[in-house]
Amino acid sequence: QVHVVESGGGLVQPGGSLRLSCAASGSISSVNDMGWYRQAPGKQSELVARITGGGSTNYADSVKGRFTIARGNSKNMVYLQMNSLKPSDTAVYYCTLYTYGSPRYWGQGTQVTVSS
């Protein structure tokens, strides 16, 4: 059994910053790829950022240069630092743990709202 828990969402003004945290625990035998997806109202879910077990990263074009994904000190813990936030970043953000190259275990989601 694997549990994924996110935290750190909230309300922020345009141009502000937030940091999301995610911790995966349970029957995990290695350092897995992890990622952040988001889903805005009426839109499909999209990949925001992903980090491999080796530390390589990739980002959605819409967040490049503003968001940074990084691993924590503990195995299978990641952070998403979000800077220069825009109203279009408003969404529920989900953390996921990959297995065999695909997102498999998901957190419950955390709401990020960017509004003045």
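Before reading on, note that the structure itself is shown above.
Scope of this entry: the structure provided in the associated data block. (Residues numbered from 1 in each chain as written. Predicted model: local features only at pLDDT ≥ 70, side-chain atom pairs only at ≥ 80, totals over all residues. Heavy atoms only, no water.)

This part takes up the pattern of salt bridges. Following the criterion strictly, the structure yields five salt bridges and no others. Put simply, aspartate 89 and arginine 38 hold a salt bridge, and the shortest N to O gap is 2.9 Å. Highlighted residues: aspartate 89 in the loop between β8 (77–82) and β9 (91–99) and arginine 38 in strand β4 (residues 34–39), separated in sequence by 51 residues. The same class applies to aspartate 89 and to arginine 38, which are both buried. (Salt bridge = Lys/Arg side-chain N within 4 Å of Asp/Glu carboxyl O. Helix = DSSP H or I, 4+ residues; strand = E, 2+ residues; numbered from the N terminus. Buried < 20%, exposed > 50% of the residue type's maximum accessible area, 1.4 Å probe, protein only.)

Attention now goes to the state of the cysteines. With the rule as written, the count across this model stands at one disulfide. At a sulfur-sulfur separation of 2.0 Å, the disulfide partner of cysteine 22 is cysteine 95. Handedness of the cysteine 22-cysteine 95 disulfide follows from its S-S torsion of about -80 degrees: it is left-handed. Highlighted residues: cysteine 22 in strand β3 (residues 18–26) and cysteine 95 in strand β9, separated in sequence by 73 residues. Accessibility assignment for this pair places cysteine 22 and cysteine 95 in one class, buried. (Disulfide = S-S within 2.5 Å.)

Here the focus is unusual backbone geometry. Notably, serine 84 is not glycine yet its phi reads approximately 50 degrees, a positive angle. Secondary-structure assignment places serine 84 in the loop between β8 and β9. Unusually for a residue other than glycine, tyrosine 100 sits at a positive phi of about 50 degrees. Position of tyrosine 100 among the secondary structure elements: in the loop between β9 and β10 (102–106).

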